[in-house]
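Residues per chain are reported as follows:
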Amino acid sequence: MIRMSAGTLRAMGVCVTLVTLLVGCARPAEPRSAEPVHLTLVTYDGADTPGGALVKHFVEEVQRADPSITITPDFSGAPHEPDAVTAVSSGTADLAMVASRAFDTAGVTTLQALNTPLLIDTTSLANAVATSDLVPDLLAGLDEIELIGLGIAPEGMRHLFTEAKAVTDVNDLRGTVVRSPQSEAVWSFLTATRATPIFDDSMSYDVSESQYDLELKFDQTAGNLTLFPKYDVIVLNEESALELSTAQLESLWTAASETTTWAVATTDSDAARAEVFCANGGKIAAATPAELEEWQAVARPVVQDLRSVGTTADLIDAITDMKTGIDADDPITNCAGAGAAESTAGPRLNGTYEFSATPREIGRAGIHDEAFIDINAGDYRIVLENGTLTRTHHLTSGTRAGEQESDTASYTLNGDRVTFRWSPQAGDYTEAKVVVQDDGSLKFTDWVEGWTEPKFLLLDKVVLSYWERVE
């Protein structure tokens with residue numbers, strides 16, 4: 001089959017971006033029938049990472065929108081992010097989810113505005129860009145490598161992490177080796193600081209360019225020095241698109257749009273992730289205003305080079321205009337400012353609580369998965385203290401009856417609504433209205449569950465219903 005470009009697809013009447021789909025475009029006179037189709041999706045990200053959660057959500061949304069489409073994700077299927085770009089552009093995979101930063105290694109420059117150093121520096125701005133009318137222009141360059149951009153989703157803000165002392169001064173990077181995923185734009189900036197960027201875990205490095213919820217080696221960072229965000233881009237191979245009906249293509253675009261909406265609504269803010277980072281022993285420092293200006297000075301020639309290519313200057317200017325119209329997130333300058341203790345949770349819920357969940361109660365809630373019932377049934381003891389939840393669970397059902405589990409989570413209180421963040425993974429949270437009873441016990445209603453599977457919300461109505469205060 002002759003490979004066709006996005007321009008050819010347009011000539012055939014096939015929309016090539018979600019936005020043009022929504023505002024309308026010509027349809028083929030005789031669209032292909034919606035026969036069952038199986039697609040493969042490759043990604044560098046593992047199944048248990050924030051990126052993996054985005055892939056899972058996209059696959060679920062596609063299946064919900066059109067059961068004739070089956071997608072098999074290949075988590076960690078690419079050794080590096082550029083390899084995922086190569087796999088999907090060559091047709092080895094039909095779909096891919098790849099960080100925006102990686103596409104410039106294949107010559108796509110329209111996405112570089114997303115990783116322009118020090119431009120998009122807050123969660124609020126990152127979310128606004130992902131849902132703005134700039135998205136078609138950002139994705140336009142994918143046509144050059146025979147891909148169709150379905151959408152982008154924000155994942156997290158990137159910082160510099162190290163071991164002994166947080167990197168606050170740009171000179172702190174001079175002569176260091178920085179672990180950073182491959183990207184022409186990002187590596188140009190790191191090179192301008194006189195650091196050496198690498199992405200090879202067999203080599204030693206001094207600094208890690210990463211996110212609060214993904215950094216595993218180092219525990220020091222400057223919270224108010226945000227380099228750029230990580231965006232995940234969902235792309236479709238053009239030749240694979242020709243094998244789909246118009247309705248199936250629309251289902252993919254709809255699912256990508258829903259995934260962006262879900263990511264914006266459920267992905268933790270940088271401050272919330274910093275809170276968990278601090279709770280796990282991390283330390284946050286702050287760059288001074290003078291130090292921040294030095295970072296800007298080093299970034300300027302790099303930004304000027306990016307602006308000289310294609311439409312990047314227009315995109316950077318548009319994002320800068322958006323930035324002036326968005327209330328800035330409070331800068332994170334230490335662990336107290338990241339979270340929370342008294343500022344986000346307060347003493348109001350502090351205490352020790354107990355409750356039990358029997359297999360029968362969980363079953364009556366509408367859950368019929370016996371294994372799921374067994375691992376959640378039991379006697380619970382919950383300690384809430386200034387934003388940290390400690391949970392002890394005595395299992396009472398199934399093959400593990402008699403065992404005990406303990407874990408911790410974080411929580412925040414906003415008015416009468418409490419949000420429990422069970423782990424840094426995107427979507428792993430539960431929000432509910434909480435009322436403190438006269439005896440100090442807690443009653444929960446009006447649940448919002450981060451996971452889309454119905455059984456999780458049904459479980460909330462049992463295990464997050466009434467906690468009796470015992471201490």
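The shown structure was predicted, so the numbers you read here are calculated from the model rather than taken from an experiment.

Some remarks on the overall build of the chain
From N to C terminus, the chain includes 17 helices and 18 strands. Against the compact-globule benchmark of 23 Å for 471 residues, the chain has a radius of gyration of 24 Å, which places it among compact chains. For the chain, the spread of C-alpha atoms along the principal axes amounts to about 70 × 60 × 45 Å. Among the 471 residues that make up the chain, the fraction classed as buried is 52%. Here the contacts in the chain between residues at least 6 apart in sequence split such that 70% fall between residues at least 24 apart. When the accessible surface of the chain is totalled, it reaches about 20,100 Å², and 51% of it is carbon and sulfur. One finds the centroid of the 32 positive side-chain charges in the chain at a distance of 3 Å from the centroid of its 71 negative side-chain charges.

Looking at the state of the cysteines
On inspection of all chains with the given rule, the structure shows one disulfide. Paired by a disulfide, C278 and C335 hold their sulfur atoms 2.1 Å apart. Disulfide C278-C335: torsion about the S-S bond near -85°, hence left-handed. Here C335 lies in helix α13 (residues 335-338) and C278 lies in helix α10 (residues 270-279), a separation of 57 residues in the sequence. Look at C278 and you get buried, because its relative accessible area is 16%.

Description of unusual backbone geometry
Unusually for a residue other than glycine, S76 sits at a positive phi of about 55°. With respect to the helices, strands and loops of the structure, S76 is situated in the loop between β2 (69-74) and α4 (81-89). Classification of S76 as partly exposed rests on a relative accessible area of 47%. Phi is positive for L118, which is not a glycine, with a value near 65°. With respect to the helices and strands, L118 occurs in the loop between β3 (95-99) and α5 (123-130). The buried category is assigned to L118, whose relative accessible area is 10%.

Some thoughts on the sheet that holds strand β15 (residues 417-421)
Read around the barrel, eight strands follow the order β11-β12-β13-β14-β15-β16-β17-β18 and close on themselves; strand pairing throughout is antiparallel. Each strand axis lies, on average, 30° off the axis of its neighbour in the sheet, ignoring direction. With two bridges connecting them, strand β17 (residues 442-449) and strand β18 (residues 466-469) associate as antiparallel partners. Across the sheet, K443 pairs through a bridge with Y466, a residue of β18. Of the strands in this sheet, β11 (351-357), β16 (429-436), β17 and β18 touch helix α17 (residues 454-463), which is tilted by about 175° from β17.

As for the packing of aromatic side chains
For the structure shown, the criterion picks out 16 aromatic pairs. An angle of 85° between the planes, with centres 5.8 Å apart, marks the rings of F161 and Y212 as edge-to-face. Here F161, found in strand β4 (residues 147-162), pairs with Y212, found in the loop between β7 (207-210) and β8 (220-222); they are 51 residues apart in sequence, far enough to count as distant. Residue class for F161 comes out buried when judged on its relative accessible area of 0%.

Quick notes on the confidence of the model for the chain
Overall, the prediction assigns the chain a mean pLDDT of 88, with 90% of residues at 70 or greater. Contacts for the low-pLDDT stretch residues 1-33, under 50 throughout, to residues beyond four places or in other chains number 63 contacts. In the predicted structure, residues 339-346 sits below a pLDDT of 50 and forms 17 contacts with residues beyond four places in sequence or in another chain.

Observations regarding α17
Residues of α17 that are buried include every one of L459, D460, V462 and V463, and no others. Around the axis of α17, the buried residues are gathered within 165° of arc, so they sit on the same side.

Let's talk about the pairing of strand β1 (residues 37-43)
Counting buried positions along β1 gives five out of seven residues, so the element sits mostly inside the fold. Sheet topology note: the β1/β2 ladder contains six bridges and is parallel. Its bridge partner lying in β2, L39 is registered against I71. Once the chain exits β1 it traverses helix α3 (residues 50-65) before rejoining the sheet at β2, and the crossover so formed is right-handed. As judged from the three bridges shared by β1 and β3, these two strands associate in the parallel manner. Within β3, the residue paired with T43 across the bridge is M97.

Overview of the packing of α3 against helix α9 (residues 246-266)
Taken N-terminus to C-terminus, the directions of α3 and α9 make an angle of 135°; their axes are 8 Å apart at the nearest point. The angle between the axes of α3 and α9 places the two elements in the oblique class. Helix-helix and strand crossings are classified by hand; for α3 and α9 the assignment is right-handed. Across from A53, L54, H57, F58, E61, V62 and A65 in α3, the residues of α9 making contact are S251, L252, A255, A256, E258, T259, W262 and A263. When its residues are assigned to classes, the contact of α3 with α9 shows ten nonpolar, three polar and two charged.

Regarding the pattern of salt bridges
Counted according to the given criterion, the structure contains 21 salt bridges. Across the pair E354 and R381 runs a salt bridge whose closest N-O atoms are separated by 2.5 Å. Here the residue E354 occupies a position in strand β11, and R381 occupies one in strand β12 (residues 378-385), the gap between them amounting to 27 residues. Classification of E354 as partly exposed rests on a relative accessible area of 32%. Among the residues examined, R381 registers a relative accessible area of 29% and is labelled partly exposed. Residues joined in a network through salt bridges with shared partners are D45, E155, K230 and D232.

What counts and how
- Residues numbered from 1 in each chain as written.
- Predicted model: local features only at pLDDT ≥ 70, side-chain atom pairs only at ≥ 80, totals over all residues.
- Heavy atoms only, no water.
- Helix = DSSP H or I, 4+ residues; strand = E, 2+ residues; numbered from the N terminus.
- Rg over C-alpha atoms; globule rule 2.2 N^0.38 Å.
- Buried < 20%, exposed > 50% of the residue type's maximum accessible area, 1.4 Å probe, protein only.
- Contact = heavy atoms within 4.5 Å.
- Areas by Shrake-Rupley, 256 points an atom, 1.4 Å probe, with all protein chains shown as cover.
- Lys, Arg positive; Asp, Glu negative; His and termini not counted.
- Charge placed at Lys NZ, Arg CZ, Asp CG, Glu CD.
- Disulfide = S-S within 2.5 Å.
- Pairing = 2+ DSSP bridges.
- Axes fitted to C-alpha atoms, helices over the stretch in contact; angles between N-to-C directions.
- Phe/Tyr/Trp six-rings, centres within 6.5 Å; stacked < 30°, edge-to-face > 60°.
- pLDDT = per-residue confidence, 0-100.
- Arc of directions from axis to C-beta.
- Right-handed = clockwise from strand over helix to strand, strands pointing away.
- Parallel < 35°, antiparallel > 145°, perpendicular 65-115°, else oblique.
- Left-handed = near helix turned anticlockwise from the far one by under 90°.
- Nonpolar A, V, L, I, M, F, W, Y, C, P; charged D, E, K, R; others polar.
- Salt bridge = Lys/Arg side-chain N within 4 Å of Asp/Glu carboxyl O.

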